[in-house]
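Chain residues, written in single-letter form:
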Amino acid sequence: MVRRYLPHALGVMVVLLTIMVLTPSPSCDSSNYTAAQDAEPQSDHLVHTRDSDGHEYTRSEPLLFIGGMPRSGTTLMRAMLDAHNMVRCGEETRVVPRILQMRQQWKRSAKESMRLKEAGVSDKVLDEAISSFILQVVVGHGVPSPRLCNKDPFTLKSASYLSQLFPNAKFIFMIRDGRATVHSIISRKVTITGFDLSSYKQCLTRWNSAVQTMNQQCEELGPERCMPLHYEQLVLHPRSTMEAVLEFFDLPWDENVMHHEEHINKPGGVSLSKVERSSDQVVKPVNLDGLTKWVGKIPEDVVSEMALIAPMLATLGYDPYANPPNYGKADSVVSNNTRKIQRDSSYWQNKADQVLSAGKNGR
């Protein structure tokens, strides 16, 4: 099955209809009108939703957003957070980045912006509608939890805007060596709009552009709102990395984050989708298998020009000429996990196959 990261006409229609349904309508009873309605509306009162336990969520909710390029460790990060007893992330929604993309397209087009303005759809109205939609999706697509998070990779391209909609939200920007990311995209046939899977050079160029945008967004938010996190360090040093992540999110330590694989598809645990391409990998404990699979697979002419093709490698701390690179020494627990997985490869393959065949309805 091929995973696609691209807009879909039907999906766009559903999003628009959902916004129309979710956006609160003003009362038509003129007797309820007061002068206060002329004032700036209080967003927390306008945009709210409830979970199945009756808890009311508003735009002040301290949501957690996990983003980055696909195949950069976003699924592993959300799985480890999902194992925490106070957090629920869940599967990718796919619709959150789409509505953000639609909004960007509207704002970039002078014609569309004018149409919205003439129709009385101000920025304020649009923001209320979009935030209402996003909040409903994040709250409603999984079980209730004290802290909710969203993992949709491309949301990081709109992190600044999301931070305005949800002023107490925080963001993790997952970063991975672009060579490893692109090799994974190509080898696992993850189609993304604008990426030519027959060309490493073209994909690396597109990767460079995307992560440059995400990095700029993260830097604009600053370290108190957005945490850049290298996938390699999460894999090499999961305990110290997760300690920093939980502190960043103002969450207490939970040993379960070190054993996410034990909570796969269990009540209150890590819910996996059979259509997400990373699901077959996060059923395993944290291991080293994916770090250097790209070495020796990229064409020599691309390797020789790597610094020019993907300058963001150096910006993000990677040596574009190191083949293989030295990411660091792994913690002993990760090395042991890797040996166990390699020794019992058939067991882990069967476990992955079970997850992909079962899906959400088969749990």
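Reading the values: the criteria
- Residues numbered from 1 in each chain as written.
- Predicted model: local features only at pLDDT ≥ 70, side-chain atom pairs only at ≥ 80, totals over all residues.
- Heavy atoms only, no water.
- Helix = DSSP H or I, 4+ residues; strand = E, 2+ residues; numbered from the N terminus.
- Buried < 20%, exposed > 50% of the residue type's maximum accessible area, 1.4 Å probe, protein only.
- Contact = heavy atoms within 4.5 Å.
- Areas by Shrake-Rupley, 256 points an atom, 1.4 Å probe, with all protein chains shown as cover.
- Phe/Tyr/Trp six-rings, centres within 6.5 Å; stacked < 30°, edge-to-face > 60°.
- Lys NZ or Arg CZ within 6 Å of the ring centre and 35° of its normal.
- Disulfide = S-S within 2.5 Å.
- Salt bridge = Lys/Arg side-chain N within 4 Å of Asp/Glu carboxyl O.
- Pairing = 2+ DSSP bridges.
- Polar contact = N/O pair within 3.5 Å; in protein donor to acceptor, adjacent residues only side chain to side chain.
- Core = buried A, V, L, I, M, F, W, Y, C linked by side-chain atoms within 4.5 Å.

**Q** An account of the overall build of the protein chain is needed here, citing residue identities and associated values.
**A** When its secondary structure is counted, the protein chain shows 17 helices and nine strands. Taken over 363 residues, the protein chain has a buried fraction of 49%. Taking the intrachain contacts of the protein chain between residues at least 6 apart in sequence as the baseline, contacts between residues at least 24 apart amount to 79%. Surface summary for the protein chain: the accessible area is close to 17500 Å², and the carbon and sulfur share equals 52%.

**Q** Talk me through the packing of aromatic side chains; I want residue IDs and the actual numbers.
**A** The full count for this structure, using the stated rule, is five aromatic pairs. For the pair Phe 65 and Phe 171, a centre-to-centre distance of 5.2 Å together with 15 degrees between the ring planes defines the contact as stacked. On the criterion of sequence distance, the pair formed by Phe 65 in strand β4 (residues 64-68) and Phe 171 in strand β7 (residues 170-175) is long-range, its members being 106 residues apart. When sorted by exposure, Phe 65 lands in the same class as Phe 171, which is buried. Through a chain of ring-to-ring contacts, three or more aromatic side chains come together here, namely Phe 65, Phe 166 and Phe 171. For the cation-ring pair, Arg 103 lies above Tyr 161, with the distance from its terminal atom to the ring centre recorded as 3.6 Å. Seen from the ring of Phe 248, Lys 170 lies directly overhead, with NZ or CZ sitting 4.9 Å from the centre.

**Q** Lay out the state of the cysteines with the relevant residues and their values.
**A** By the definition in use, this model includes two disulfides. Here Cys 89 is linked by a disulfide to Cys 149, with a sulfur-sulfur distance of 1.7 Å. Negative torsions about the S-S bond denote left-handed disulfides, and the value of about 130 degrees found for Cys 89 with Cys 149 makes this one right-handed. Of this pair, Cys 89 sits in the loop between β5 (87-88) and α4 (95-108) while Cys 149 sits in strand β6 (residues 147-151); the two residues are 60 residues apart in sequence, bridging distant segments of the chain. One exposure class covers both Cys 89 and Cys 149, and it is buried. Residue pairing for Cys 218: its cysteine sulfur links by disulfide to Cys 226, the two sulfurs lying 2.0 Å apart. Between Cys 218 and Cys 226 the disulfide shows an S-S torsion of about -105 degrees. By sign, it is left-handed.

**Q** I'd love a proper account of the pattern of salt bridges, names of residues and values included.
**A** Scanning the entire structure with this criterion turns up 12 salt bridges. A salt bridge links Arg 78 to Asp 82, with the nearest nitrogen and oxygen atoms 2.6 Å apart. Pair noted here: Arg 78 and Asp 82 are both in helix α3 (residues 74-82), with a separation of four residues, about one helical turn. We classify Arg 78 as buried; its relative accessible area is 0%. Overall, the relative accessible area of 1% leaves Asp 82 in the buried class. The salt bridge partner of Asp 250 is Lys 170, with a shortest N-O separation of 3.5 Å. You can see Asp 250 sitting in the loop between α11 (238-248) and α12 (279-282) and its partner Lys 170 sitting in strand β7, a full 80 residues away along the chain. A relative accessible area of 18% places Lys 170 in the buried class. Overlapping salt bridges bring together Glu 92, Arg 94 and Lys 151 as one network.

**Q** How would you explain unusual backbone geometry if you had to name every residue and give the values?
**A** Residue Asn 323 is joined to Pro 324 through a cis peptide bond whose omega torsion reads 5 degrees. Mapped onto the fold, Pro 324 is located in the loop between α15 (312-315) and α16 (332-343). Its identity as a non-glycine residue notwithstanding, Arg 94 has a phi of 70 degrees, on the positive side. Note that Arg 94 resides in the loop between β5 and α4. One non-glycine residue, Asp 250, adopts positive backbone phi at about 60 degrees.

**Q** I'd like to hear about the sheet that holds β7, residue by residue, with values.
**A** Read from one edge to the other, the open sheet built from five strands follows the order β5-β6-β4-β7-β9, with strand pairing classed as parallel. On the outer flanks of this sheet lie β5 and β9 (226-230), each paired with one strand and no other. Inspection of the sheet shows β4 paired to β7 by five bridges, in the parallel sense. By the bridge assignment, Leu 64 is partnered in β7 with Lys 170.

**Q** Can you lay out the side chain of His 263 for me, pointing to particular residues and giving the numbers?
**A** Take His 263: it is sitting in the loop between α11 and α12. At a separation of 3.4 Å, a polar atom in the side chain of His 263 contacts the side chain of Asn 256. Excluding residues that lie within four positions of it along the chain, His 263 makes contacts with Ala 83, Asn 256, Gly 269 and Val 270.

**Q** Can you lay out the environment of Ala 330 for me, pointing to particular residues and giving the numbers?
**A** Summarising the element assignment, Ala 330 is placed in the loop between α15 and α16. Note: C-alpha distance between Ala 330 and Val 235 (95 residues apart in sequence) is 7.7 Å. Beyond its immediate chain neighbours, meaning those up to four positions away, Ala 330 contacts Leu 236, Leu 288 and Ser 335.

**Q** Provide a residue-level description of the nonpolar core, including the pertinent values.
**A** Judged by nonpolar contacts, the single largest core of 96 residues is most densely connected at Met 69, Met 77, Leu 81, Ile 134, Phe 166, Trp 207 and Val 245. Every residue in contact with Val 245, bar those within four places of it in the chain, is listed here: Met 77, Leu 81, Ile 172, Met 227 and Leu 229.

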